[in-house]
Amino acid sequence: MTARIAILGGTFTPLHNGHRALLHTAFQTASHDGNGDGHVIVGLTAESLARETRSDPAHADMLGSFAEREGTLSETLERIAGAYTASWEIVKITDTYGPAATRRDADALVVAPDGKAQQRAQSLNDERLRRGYHPLEIHTSPFVVAKDGLRISSTRIRNGEIDAQGRLLDDD
């Protein structure tokens, strides 16, 4: 048996505490189960896919380039990975399934706790079954809430409601 592979994906901009919880869940999943040290694959959306998938098209210009997002994500992964045995890599994704649909050797998919992410995970496993692959275990990260008790999200940060740590921003 080989090391466990955990996969997750996203735009990761702005990178916030909810993303960090997702990354920690991925490292926990890969590092603490099975043989070997584990491996985390982080799919980072290409600029074109990131623009297509925004719920608010006005936010598309706030996303930053792939290179900028990759640099910030890489720095964060370096810090987080020190607490775990798993290695990691960032791959560019150009479709909504990314490597989770094509990596036969993948073991687990790590997703956010919101309903949309859970539905995408089920759809992804349907695609894997269609390809003749085993379904992935679905691991869900916890919600991370801001100071106002609502969840931290990139949309709320871009809207100027909170910062990346969930602190409320003044309207002034």
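Computed from a predicted structure; not experimentally measured.

Student: Account for the environment of Leu49, naming residues and giving values.
Tutor: Tracing the backbone through its elements, the reader meets Leu49 in helix H2 (residues 47-52). With 47 residues separating them along the chain, Leu49 and Thr96 place their C-alpha atoms 7.8 Å apart. In this structure, Leu49 is in contact with Ile93, Thr94, Asp95 and Thr96, ignoring residues within four places of it in sequence.

Student: Outline unusual backbone geometry, supporting the account with residue identities and numerical values.
Tutor: Across the junction of Thr13 and Pro14, the peptide omega takes the value -15°, indicating a cis bond. Summarising the element assignment, Pro14 is placed in the loop between strand S1 (5-10) and helix H1 (17-31). You will see that Phe12, though not glycine, has its phi angle at about 55°, which is positive. As for its placement among the helices and strands, Phe12 is situated in the loop between S1 and H1.

Student: Describe the pairing of strand S5 (residues 137-140), with residues and values.
Tutor: As paired strands, strand S4 (residues 108-111) and S5 are joined by four bridges and run parallel to one another. Paired with Ala108 across the bridge in S5 is Glu137. With helix H5 (residues 115-130) bridging S4 and the parallel S5, this β-α-β connection has right-handed handedness.

Parameters at a glance
Residues numbered from 1 in each chain as written. Predicted model: local features only at pLDDT ≥ 70, side-chain atom pairs only at ≥ 80, totals over all residues. Heavy atoms only, no water. Helix = DSSP H or I, 4+ residues; strand = E, 2+ residues; numbered from the N terminus. Contact = heavy atoms within 4.5 Å. Pairing = 2+ DSSP bridges. Right-handed = clockwise from strand over helix to strand, strands pointing away.

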